[in-house]
Amino acid sequence: MRRRQITDAVVRITVRGGLASATFREVAAEAGVSVRLVQYYFGTKDQLLLETQRHVAERSVARIRRLQADAGDTPRDILRTVMRSFVPVDDESRDAMLMYIALFTASLLDPVLKREEAGDVPASMRRVFAGQLGRARLRAGVDPDQEALILLMVVTGLSQGVLDGQITAAEAFDSIEYALDRALRT
């Protein structure tokens with residue numbers, strides 16, 4: 001409970017002012033706990049960010065599962081649902097994408113933050129995509145593993161485009177349909 005309260009505070013601070021704003025002092029104030037308690041639970045900022053990263057990933061997986069419950073059972077339906085779930089259309093998906101970008105950028109700049117766990121969500125998405133493409137009727141010449149990588153990059157780029165206002169969520173959804181049409185036979 002306390003750990004989640006603290007990691008939620010990291011998310012709120014990061015979404016408002018960037019990852020650098022998430023100092024132990026700021027996190028403690030936002031969570032309504034002492035700095036000492038934050039240090040007790042996490043020890044280092046690195047550990048705090050790792051736990052926050054895991055928490056955000058768990059929330060994203062839960063969101064995808066909720067959305068999948070209302071989706072169809074075909075590979076196209078599953079791919080569409082998973083891809084669309086990353087497009088920031090509400091506070092939850094916006095915050096998750098902002099955290100993904102903040103943590104990913106931090107891992108590029110700080111070797112201490114560069115760890116295997118940073119790639120868990122994209123690697124998991126790629127496996128899901130490849131698995132669904134393996135079940136689907138693909139257009140001639142489409143390699144499921146290569147296409148999974150392309151779809152992963154498509155959804156990441158589209159989501160960032162929506163975040164910074166280059167495109168709308170509707171345009172992102174249209175592009176997802178286009179990408180699926182290119183890979184799958186109807």
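Residues numbered from 1 in each chain as written. Predicted model: local features only at pLDDT ≥ 70, side-chain atom pairs only at ≥ 80, totals over all residues. Heavy atoms only, no water.

## Examining the overall build of the protein chain
Step number 1: Broken down by element type, the protein chain carries nine helices and zero strands.
Step number 2: If you list the helices and strands of the protein chain from N to C, you get α-α-α-α-α-α-α-α-α.
Step number 3: Counting all 186 residues of the protein chain, 40% fall into the buried class.
Step number 4: Pairs at least 24 apart in sequence give 66% of the contacts found in the protein chain among residues at least 6 apart.
Step number 5: Roughly 10200 Å² of accessible area belongs to the protein chain as shown, and the carbon and sulfur atoms make up 52% of that amount.
Step number 6: Here the protein chain contributes 26 positively and 25 negatively charged side chains, and the mean placements of these two sets differ by 3 Å. (Helix = DSSP H or I, 4+ residues; strand = E, 2+ residues; numbered from the N terminus. Buried < 20%, exposed > 50% of the residue type's maximum accessible area, 1.4 Å probe, protein only. Contact = heavy atoms within 4.5 Å. Areas by Shrake-Rupley, 256 points an atom, 1.4 Å probe, with all protein chains shown as cover. Lys, Arg positive; Asp, Glu negative; His and termini not counted. Charge placed at Lys NZ, Arg CZ, Asp CG, Glu CD.)

## Overview of the packing of helix 5 (residues 75-85) against helix 9 (residues 169-183)
Step number 1: For the pair helix 5 and helix 9, interaxial distance at closest approach is 10 Å and the crossing angle is 145°. With respect to the hand of their crossing, helix 5 and helix 9 are arranged in right-handed fashion. Counted together, R76, L79, R80, M83 and R84 of helix 5 and F173, I176, E177, L180 and D181 of helix 9 form the full contact between these two elements.
Step number 2: Its residues assigned to classes, the contact of helix 5 with helix 9 comprises five nonpolar, no polar and five charged. (Axes fitted to C-alpha atoms, helices over the stretch in contact; angles between N-to-C directions. Left-handed = near helix turned anticlockwise from the far one by under 90°. Nonpolar A, V, L, I, M, F, W, Y, C, P; charged D, E, K, R; others polar.)

## Topic: the packing of helix 7 (residues 120-135) against helix 8 (residues 144-163)
Step number 1: Taken N-terminus to C-terminus, the directions of helix 7 and helix 8 make an angle of 130°; their axes are 8 Å apart at the nearest point. Taken together, the axes of helix 7 and helix 8 lie oblique to each other. With respect to the hand of their crossing, helix 7 and helix 8 are arranged in right-handed fashion. Contact residues: P122, M125, R126, F129, A130, L133 and G134 in helix 7; P144, D145, E147, A148, L149, L151, L152 and V155 in helix 8.
Step number 2: Of the residues that constitute the contact of helix 7 with helix 8, the class distribution is eleven nonpolar, one polar and three charged. (Parallel < 35°, antiparallel > 145°, perpendicular 65-115°, else oblique.)

## Focus on the packing of aromatic side chains
Step number 1: All chains considered together, the criterion is met by three aromatic pairs.
Step number 2: Following the ring pairs from residue to residue traces out a cluster consisting of Y40, Y41 and F42. (Phe/Tyr/Trp six-rings, centres within 6.5 Å; stacked < 30°, edge-to-face > 60°.)

## Focus: the environment of S107
Step number 1: Among the structural elements, S107 can be located in helix 6 (residues 91-109).
Step number 2: Using a relative accessible area of 3% as the deciding quantity, one classes S107 as buried.

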